[in-house]
Amino acid sequence: MGDFVLVEGIYVKRSNGKFGGGGTYRECILETMWFPKGVEDGLVELFPVTLDMKRILNLQEKVTVETFKKEYSLREDSRDIYIALKSMIR
């Protein structure tokens, strides 16, 4: 498989969502922002970022590298935000 290297930046995950029921039912695309902590044993460790991109939530998700490559994309010009948030992760 080779070594997978994360680019320093915030990653975006887009998912299909559904809201409401009956006459108020709507389909939409949910977009969440993620801070990648690192890769270990074929898993990418991620933390969600608040909408204002100023905090990292203390919720952790681990996904396989393959899933990460399929579902997450690098947000353009997000390296500065990544560097600012990096100090919050221990």
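In this report, we go over the structure that sits alongside the text. (Residues numbered from 1 in each chain as written. Predicted model: local features only at pLDDT ≥ 70, side-chain atom pairs only at ≥ 80, totals over all residues. Heavy atoms only, no water.)

## Examining the overall build of the protein
Helices and strands together make up the secondary structure of the protein, namely two helices and five strands. Ordering the α and β elements of the protein from the N terminus gives β-β-β-β-α-β-α. Reported as C-alpha extents along the three principal axes, the dimensions of the protein are approximately 50 × 30 × 25 Å. For the protein, the proportion of its 90 residues judged to be buried stands at 30%. Working note: accessible area of the protein is about 6,500 Å², and carbon and sulfur atoms make up 50% of it. Within the protein, one finds 14 positive and 14 negative side-chain charges whose respective centroids are separated by 5 Å. (Helix = DSSP H or I, 4+ residues; strand = E, 2+ residues; numbered from the N terminus. Buried < 20%, exposed > 50% of the residue type's maximum accessible area, 1.4 Å probe, protein only. Areas by Shrake-Rupley, 256 points an atom, 1.4 Å probe, with all protein chains shown as cover. Lys, Arg positive; Asp, Glu negative; His and termini not counted. Charge placed at Lys NZ, Arg CZ, Asp CG, Glu CD.)

## Here's the deal with the sheet that holds strand E3 (residues 43-49)
The five strands are arranged E4-E3-E2-E1-E5 in an open sheet whose pairing can be described as antiparallel. Unpaired on one side and paired on the other, strand E4 (61-64) and strand E5 (72-74) mark the two borders of the sheet. The average undirected angle you get between the axes of adjacent strands in this sheet is 45°. As defined by bridge partners, strand E2 (residues 26-40) adjoins E3 across seven bridges and the pair is classed as antiparallel. Opposite Gly38, over in E3, you have Glu45 as the bridge partner. (Pairing = 2+ DSSP bridges. Axes fitted to C-alpha atoms, helices over the stretch in contact; angles between N-to-C directions.)

## Examining the pairing of strand E1 (residues 11-19)
Pairing analysis gives nine bridges linking E1 to E2, with the strands arranged antiparallel. Among the inter-strand pairings, Val12 is bridged to a residue of E2, identified as Met33. Hairpin connection, E1 to E2: the antiparallel pair is bridged by six residues, and Gly20 has positive phi, about 75°.

## Description of the environment of Gly9
In this fold, Gly9 is placed in the segment before E1. Exposure remark for Gly9: the relative accessible area of 0% places this residue in the buried category. Spatially, the C-alpha atoms of Gly9 and Asp80 are 7.6 Å apart, while their sequence positions differ by 71 residues. Among residues more than four places away in sequence, those in contact with Gly9 are Trp34, Pro36, Leu74, Ser78, Arg79 and Tyr82. (Contact = heavy atoms within 4.5 Å.)

## Section: the side chain of Lys13
Inspection of the secondary structure assignment puts Lys13 in strand E1. Look at Lys13 and you get buried, because its relative accessible area is 18%. Once residues within four sequence positions are removed from consideration, Lys13 is found in contact with Leu30, Glu31, Thr32, Trp34, Glu61, Glu71 and Tyr72.

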